[in-house]
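Spelled out, the chains give:
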Amino acid sequence: MPRDNFAEPREQEVSGATVIARALLAQDVKYMFGIVGIPVTEIALAAQELGIRYIGMRNEQAACYAASAIGYLTGRPGVCLVVSGPGLIHALGGMANANINCWPLIVIGGSCERNQEAMGAFQEFPQVEACRLYSKFSARPASIETIPFVIEKAVRNSIYGRPGACYVDIPADFVTRQVDVSSIKFKECCLPPPISMADTSAVNMAASVIRNAKQPLLIIGKGAAYAHAEENIQKLVEQCNLPFLPTPMGKGVVPDNHPNCVGAARSRALKYADVIVLFGARLNWILHFGLPPRYHPHVKFIQVDICAEELGNNVRPAVTLLGNINAVTQQLLEQFDKTPWQYPTETRWWKALKEKMESNEAISKELASKKSLPMNYYTVFYHIQEQLPRDCFIVSEGANTMDIGRTVLQNYFPRHRLDAGTFGIMGVGLGFAIAAALVAKDRNPKQRVICVEGDSAFGFSGMEVETICRYNLPIILLVVNNNGIYQGINTDTWKEMLKFHDATTRAPPVCLLPNAHYEQVMTAFGGKGYFVQTPEDLQKSLRQTLANTTEPSLINIMIEPQSTRKAQATSFCSCSASSLYNRWRRWGQTSRLRIQVDLLQQ
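Residues numbered from 1 in each chain as written. Predicted model: local features only at pLDDT ≥ 70, side-chain atom pairs only at ≥ 80, totals over all residues. Heavy atoms only, no water.

K.L.:
Help me get a handle on helix α6 (residues 147-159), residues and values and all.
P.N.:
Over its 13 residues, α6 runs 19 Å from end to end, which matches the ideal 18 Å to within 8%, given 1.5 Å per residue. Every buried residue of α6 is listed here: Ile 147, Pro 148, Val 150, Ile 151, Glu 152, Ala 154, Val 155, Ser 158 and Ile 159. Looking at the residues trailing α6, positive phi occurs at Gly 161, about 65 degrees. (Helix = DSSP H or I, 4+ residues; strand = E, 2+ residues; numbered from the N terminus. Expected span 1.5 Å × (residues − 1). Buried < 20%, exposed > 50% of the residue type's maximum accessible area, 1.4 Å probe, protein only.)

K.L.:
Describe the packing of aromatic side chains, listing the residues and the values that go with them.
P.N.:
Evaluation of the coordinates by the stated rule reveals nine aromatic pairs. Between the aromatic rings of Tyr 65 and Phe 432, the centroid separation amounts to 6.3 Å while the plane-to-plane angle is 75 degrees, which identifies the pairing as edge-to-face. With a gap of 367 residues between them, Tyr 65 in helix α3 (residues 60-74) and Phe 432 in helix α16 (residues 429-443) connect regions that are remote in the sequence. For Phe 432, a relative accessible area of 0% translates into the label buried. Ring geometry for Tyr 377 and Phe 381: centres 6.4 Å apart, planes at 15 degrees, overall stacked. Placement of the pair is Tyr 377 and Phe 381 together in helix α14 (residues 377-387), with a separation of four residues, close to one helical turn. Phe 381 carries the same exposure label as Tyr 377, and that label is buried. What links up through ring pairs into an aromatic cluster is the set Tyr 65, Tyr 72, Trp 103, Tyr 226 and Phe 432. Against the face of Trp 350 rests Lys 354, its NZ or CZ located 5.1 Å from the ring centre. If you follow Arg 390 out to its NZ or CZ, it ends over the ring of Tyr 412, 3.9 Å from the centre. (Phe/Tyr/Trp six-rings, centres within 6.5 Å; stacked < 30°, edge-to-face > 60°. Lys NZ or Arg CZ within 6 Å of the ring centre and 35° of its normal.)

K.L.:
Break down the sheet that holds strand β5 (residues 105-111) for me, with residues and values.
P.N.:
Reading across the sheet, the six strands line up as β3-β2-β4-β5-β7-β6 and stay open at both edges, with parallel pairing between neighbours. In this open sheet, the two strands that pair with only one neighbour each are β3 (53-56) and β6 (137-139). With strand direction ignored, the average angle separating the axes of adjacent strands in the sheet is 20 degrees. With three bridges joining them, β6 and strand β7 (residues 165-171) adopt parallel strand pairing. For Ser 138, the partnering residue across the bridge sits in β7 and is Tyr 167. (Pairing = 2+ DSSP bridges. Axes fitted to C-alpha atoms, helices over the stretch in contact; angles between N-to-C directions.)

K.L.:
Before we move on, could you go through the environment of Ile 476 and cite the residues and values that matter?
P.N.:
Mapped onto the elements, Ile 476 comes out in strand β17 (residues 475-481). Residue classification places Ile 476 among the buried residues on the basis of a relative accessible area of 1%. Placed 158 residues apart in sequence, Ile 476 and Ala 318 show a C-alpha to C-alpha distance of 45 Å. Not counting residues up to four positions away in its chain, the partners in contact with Ile 476 are Arg 448, Val 449, Ile 450, Cys 451, Thr 545, Leu 546 and Ser 553. (Contact = heavy atoms within 4.5 Å.)

If you want it as structure tokens, here you go:
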């Protein structure tokens with residue numbers, strides 16, 4: 001047969017999938033997460049051929065969480081690759097979380113062929129328009145030739161200014177179509193974000209306000225961690241002897257065991273400080289909007305942020321310092337170098353903070369020392385803290401699990417804690433842990449990732465255990481199991497309750513199946529599983545998992561279903577806890593079952 005009858009691709013031709021992969025590689029993108037299918041499978045294959053690491057996940061939302069965590073940990077966006085329609089819709093939660101957390105992320109979504117638009121094509125959806133609500137930049141390249149331009153712009157938008165999510169839409173006919181390689185103009189890697197500095201007069205004013213403070217406080221947010229401001233902030237803390245309070249993901253910018261850390265006296269520090277300096281922390285719900293009664297009515301805020309729109313949000317600040325957090329901190333240090341000043345140690349403010357810290361720590365230790373079974377949260381976390389490596393990543397989510405865990409589990413390095421974040425979103429844990437494990441594997445193979453989950457939170461993305469085992473990531477999952485959301489009930493109560501009634505009408509909405517064996521999810525995929533009910537079992541299983549650096553493990557830790565945090569001076573709950581309590585109390589009276597529910601407090 002004549003050779004001319006064979007349709008062999010010419011060497012000078014390249015597919016749209018390869019153009020996408022080359023464009024990403026040119027922008028120093030190293031990680032891609034997703035679930036393949038029509039029409040994006042070829043994109044994943046092309047990325048792997050060029051050395052981009054592809055991690056296939058079990059749910060697009062978890063893939064998006066993982067890609068966004070890569071952006072936070074490395075400063076370069078991870079890519080989430082999804083199919084059209086439902087695949088993209090599943091990823092929107094991760095995009096929203098990245099945008100609100102201010103983490104770089106690129107989502108690449110396949111879409112229907114252009115000649116089928118508006119015809120009811122397979123999984124057709126207005127993807128570019130939908131993603132504009134969840135991203136900084138959302139676009140579809142006009143041609144294969146313009147793909148490198150759009151991808152460079154997406155990467156640049158994701159890391160410049162306040163970081164966030166960006167979306168690139170790829171029509172199905174672009175993926176496999178061949179074009180002449182000479183027609184493609186690949187863009188050079190975008191430059192690192194420019195370093196902006198605050199106005200000198202504002203820096204002088206901020207230094208003056210700090211010097212005149214009677215009860216100063218620094219609040220260190222995850223923006224400071226992302227800006228790699230740890231060295232300058234710790235120098236400022238020590239040079240000026242200032243008390244500091246880390247936000248959840250600001251933990252570790254200055255080590256939690258630093259003598260100036262007042263995390264154990266959080267409420268008192270916020271309520272009575274007269275000058276508060278915010279380093280990359282926002283006055284949102286996590287910091288109670290900066291408003292009384294959680295703050296002194298006349299407190300002076302000094303805001304340090306890279307985003308001008310954030311300055312003055314909710315509270316009128318005394319001074320605003322617009323710029324890169326690390327650079328602005330250096331400017332403040334220069335002011336205190338010119339005219340040295342240090343806040344005195346022997347003040348009523350330091351004394352009040354230390355007394356409250358000692359009091360709260362004593363209460364926590366008393367709770368941790370209780371020998372009764374099932375265990376409470378504090379007993380569990382104190383035993384965990386005893387064995388954790390100092391340089392481990394701690395990933396955490398859940399209600400009491402996350403809130404109590406962050407007060408006990410210490411962080412000593414920046415960007416080593418990942419949790420539900422500003423969006424307060426559940427289901428992020430396993431995706432974050434996978435991202436952290438990949439980064440750790442590349443930087444320090446001996447570094448461990450400890451993922452601490454509530455049993456409810458684990459359920460959101462539990463099938464990612466298979467992903468963890470498939471890629472053999474030595475992640476230690478700790479499921480703190482209280483049989484419910486906030487609180488659960490024990491096995492005997494559950495059986496009695498359902499003896500004569502249907503679960504849909506009698507089971508409290510907060511309850512999950514008692515004594516669920518989540519560790520068997522791990523063993524089903526080849527990892528190690530442990531079911532523990534005593535402190536001794538917990539200590540033993542932790543020793544074994546920390547010694548085993550070659551495979552993942554899950555420790556299912558049973559605790560008292562009614563266990564909660566220690567009582568707080570100020571109550572706070574994101575849901576109507578009192579309403580729920582009254583409904584459950586009335587139900588308990590009519591059914592002759594008494595389920596006592598301690599309200600979630602903070």
